[in-house]
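Inside the fold
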Amino acid sequence: MPDLCKLENYEEITPEIVKADLACAVEQILTVLPDFTDKFQPAYSIGNFYRPSENTDWTNGFWTGEIWLAYEYLKRIHPEEPEKASLLYDAGKVQVKSFLTRIEQKISVDHHDMGFLYSPSCVAAYKLTGDEDAKKAAILAADQLLTRFQPVGAFLQAWGPMNEKANYRLIIDCLLNLPLLFWATEETGETKYSEIALKHIHTAVQNVIRPDGSTWHTFFFDPVTGNPDHGETCQGYRNGSAWSRGQAWGIYGMAVAYRYTKDPSYIDLFYRVTDYFLQHLPDDLIPYWDLEFTSWTKEQLLDDPQPKDSSSASIAACGMLEMSKYLPKEQADAYTGYAKKLMKAISDTCAVRDLTRSNGLVLHSTYSNHSPYNTCNHYGVDECNSWGDYFYLEALTRLDCDWEVYW
Ligand code: GLY
């Protein structure tokens with residue numbers, strides 16, 4: 001087992017706190033639902049409040065996923081109050097229709113984030129309610145994702161017009177888009193989806209995971225030969241550092257890769273990326289937006305304060321809880337315990353309890369922070385963000401029941 005002794009001194013979230021946090025989060029979702037049924041929660045809050053937005057960003061699936069998680073919770077915990085669950089069911093259906101329109105009319109789908117959009121919204125709706133429109137939308141989204149495949153290099157191109165040298169790259173986040181492809185193969189029997197997913201995973205893990213277990217955010221390939229060219233950060237602090245959320249996508253990415261392939265090499269990679277993440281947490285266990293800052297001195301951080309990204313902790317917790325299903329007992333207990341410690345830290349320092357303070361669920365996330373060494377815009381810094389809220393709710397749900405995953 002790796003040396004993660006530091007984590008021994010932290011408390012785990014208890015089943016009672018999980019239940020209380022779930023109840024509070026679901027209450028919050030019901031309270032804001034009227035504003036976010038025909039509209040969506042955007043990627044990030046401003047002053048901790050989300051404003052209603054259109055279904056045009058890569059992030060809109062997370063809010064719909066929260067609706068489905070809250071719906072499941074109410075059916076499970078309060079079957080005597082079916083009216084509340086019905087409100088969520090109806091809102092979820094409205095949103096599924098919007099996702100069907102979006103993919104049929106190809107509105108802002110010229111990128112790889114079809115899984116982030118369609119797994120927690122439409123795959124979830126289909127699994128929970130058998131909604132055929134949701135299934136149709138998710139299969140169309142999987143077809144759209146296949147159009148991003150670059151045979152030369154064998155990867156799904158993340159952003160930008162296809163084939164341009166400046167865009168000839170994959171990004172680590174895409175590992176969470178792949179469950180949509182595996183699901184599409186399970187539903188249709190057509191192996192074209194899972195074949196592309198397998199090729200992409202293979203290329204991604206060979207290039208984005210560094211020998212010390214840290215990860216590149218993005219990796220370029222030569223468009224003529226397909227040979228790996230170079231790694232480059234987009235949302236991290238600098239080339240060579242580890243962007244916290246990218247590392248967390250790597251953790252959950254390895255768990256879902258193992259879930260669908262049962263390839264034991266993904267277990268080893270899971271240990272490497274997870275242990276790097278855990279070893280680079282600050283004392284309050286809420287990651288800085290880049291893991292680099294954990295090794296800065298107090299003086300450096302006073303001179304140049306760095307925001308946290310609480311969403312990375314929830315994503316990592318979900319990945320550890322998923323992978324723990326497949327690990328030997330000793331390791332499963334250890335990684336489940338780490339996930340519970342991260343969730344206790346979020347519960348203590350980031351969870352929204354005062355609904356006048358925010359209409360989100362979790363404070364202190366960072367979407368995109370500018371640094372002297374990256375080309376990022378500065379937005380959604382130290383705010384709520386929609387995936388931070390979604391994965392918080394997913395992690396609590398995983399800790400409360402035997403949950404059938406949307407991914
Ligand atoms: N997938 C983009 C992000 O995590 O910000």
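The rules behind the values
Residues numbered from 1 in each chain as written. Predicted model: local features only at pLDDT ≥ 70, side-chain atom pairs only at ≥ 80, totals over all residues. Heavy atoms only, no water. Helix = DSSP H or I, 4+ residues; strand = E, 2+ residues; numbered from the N terminus. Buried < 20%, exposed > 50% of the residue type's maximum accessible area, 1.4 Å probe, protein only. Contact = heavy atoms within 4.5 Å. Areas by Shrake-Rupley, 256 points an atom, 1.4 Å probe, with all protein chains shown as cover. Core = buried A, V, L, I, M, F, W, Y, C linked by side-chain atoms within 4.5 Å. 1 Å grid on protein atoms, 1.4 Å probe; cavity = no way out; pocket = protein on both sides within 12 Å on 5 of 7 lines; lining within 4 Å. Points joined across faces, edges and corners; volume = space filled by probe spheres on them. Nonpolar A, V, L, I, M, F, W, Y, C, P; charged D, E, K, R; others polar. Axes fitted to C-alpha atoms, helices over the stretch in contact; angles between N-to-C directions. Parallel < 35°, antiparallel > 145°, perpendicular 65-115°, else oblique. Left-handed = near helix turned anticlockwise from the far one by under 90°. Pairing = 2+ DSSP bridges. Phe/Tyr/Trp six-rings, centres within 6.5 Å; stacked < 30°, edge-to-face > 60°. Expected span 1.5 Å × (residues − 1). Salt bridge = Lys/Arg side-chain N within 4 Å of Asp/Glu carboxyl O. Near = heavy atom within 4 Å. Polar contact = N/O pair within 3.5 Å; in protein donor to acceptor, adjacent residues only side chain to side chain.

With that settled, the discussion passes to the overall build of the protein chain. When its secondary structure is counted, the protein chain shows 13 helices and seven strands. When the backbone C-alpha atoms are referred to their principal axes, the protein chain occupies close to 60 × 50 × 40 Å. The proportion of buried residues among the 407 residues of the protein chain is 62%. Counting contacts in the protein chain only where the partners sit at least 6 residues apart, residues at least 24 apart contribute 69% of the total. Working note: accessible area of the protein chain is about 15400 Å², and carbon and sulfur atoms make up 52% of it.

Y118, L181, M320 and F391 are the most contacted members of the largest nonpolar core, which totals 138 residues. Among the elements that line this core, the one with the most residues is helix α8 (residues 244-261), at ten residues. Ignoring anything within four residues of it in the chain, the contact list for L181 reads A142, L145, L146, L156, Y193, S194, I196 and A197. In this structure, Y237, Y288, W289 and F293 belong to the second largest nonpolar core, which totals six residues.

Another point: the layout of surface pockets. Its boundaries defined by the atoms lining it, the largest pocket holds a volume of some 330 Å³. If you list the elements that add at least two residues to the lining of the largest pocket, you get α8 and β6 (365-368). Classifying every residue of the lining of the largest pocket gives ten nonpolar, five polar and three charged. Quantified by volume, the second largest pocket comes out at close to 230 Å³. In this structure, the second largest pocket is lined by 14 residues; those nearest its centre are L321, T336, R398, L399 and C401. Put simply, the parts of the chain that give the lining of the second largest pocket at least two residues each are α1 (15-32), α12 (329-349) and α13 (386-400). Considered class by class, the residues forming the lining of the second largest pocket number seven nonpolar, three polar and four charged.

All right, on to the packing of α8 against helix α11 (residues 310-323) then. Two numbers describe how α8 lies on α11: the axes approach to 8 Å, and their chain directions differ by 20°. Regarding the angle of α8 to α11, the classification is roughly parallel. Seen from above, α8 lies across α11 with left-handed handedness. Within the contact between the two elements, α8 uses S244, R245, A248, W249, I251, Y252, M254, A255, Y258 and R259 and α11 uses S311, S312, I315, A316, C318, G319, M320, E322 and M323. A per-class count over the contact of α8 with α11 returns twelve nonpolar, four polar and three charged.

Spatially, β3-β4-β5 is the arrangement adopted by the three strands of the open sheet, whose pairing is antiparallel. The open sheet is flanked by β3 (169-171) and β5 (228-232), the only strands paired with a single partner. Averaged over all pairs of adjacent strands, the angle between their axes in this sheet comes to 20°, without regard to strand direction. Direction of pairing for strand β4 (residues 218-221) relative to β5: antiparallel, over a ladder of four bridges.

This part is about the packing of aromatic side chains. Applying the stated criterion to the full structure yields 44 aromatic pairs. Look at F182 and Y260: their rings are 4.8 Å apart centre to centre, the planes differ by 5°, and that puts the pair in the stacked class. With a gap of 78 residues between them, F182 in helix α6 (residues 178-188) and Y260 in helix α8 connect regions that are remote in the sequence. Each member of the pair, F182 together with Y260, is buried. On the numbers, 5.9 Å between centres and 85° between planes, the contact of Y237 with W296 is edge-to-face. Of this pair, Y237 sits in the loop between β5 and α8 while W296 is found in the loop between α9 (265-279) and α10 (298-303), placing the two residues 59 residues apart along the sequence.

Turning to its location among the elements, S86 is positioned in helix α3 (residues 82-104). The class for S86 is partly exposed, based on a relative accessible area of 35%. Taking the C-alpha atoms as reference points, S86 and N167, 81 residues apart in sequence, are found 44 Å from one another.

What follows deals with helix α7 (residues 192-208). The α-helix winds at 3.6 residues per turn, so residues separated by three or four positions along the chain end up facing the same way. If you check α7, its first and last C-alpha atoms are 24 Å apart, about what 17 residues at 1.5 Å a residue would give, namely 24 Å. All of the buried residues in α7 are Y193, S194, I196, A197, H200, I201, T203, A204, V205, N207 and V208.

Attention now goes to the pattern of salt bridges. In this structure the tally under the stated criterion is 22 salt bridges. Across the pair R353 and D21 runs a salt bridge whose closest N-O atoms are separated by 2.6 Å. Residue R353 is found in the loop between α12 and β6, and its partner D21 is found in helix α1; the two are separated by 332 residues along the sequence. Judged by relative accessible area, D21 falls into the buried class, the value being 3%. For the salt bridge of E190 with K192, the shortest nitrogen-to-oxygen distance reads 3.4 Å. Salt bridges here are not isolated pairs; linked through shared partners, they connect R259, E322, K325, E394 and R398.

Our next topic: the environment of Y118. Following the sequence through the fold, Y118 ends up in helix α4 (residues 114-129). Setting aside anything within four residues of it in sequence, one finds Y118 in contact with F99, R102, I103, V123, A137, A138, A141 and L180.

Looking at the ligand, the residues that line it are W58, D173, Q235, W243, R245, W249 and Y367. With respect to the ligand, the side chain of D173 contributes an N or O atom lying 2.6 Å from a nitrogen atom. One of the side-chain nitrogen or oxygen atoms of R245 is found 2.5 Å away from an oxygen atom of the ligand. Contact with the protein chains hides 95% of the accessible area of the ligand, taken as 200 Å² for the molecule alone.

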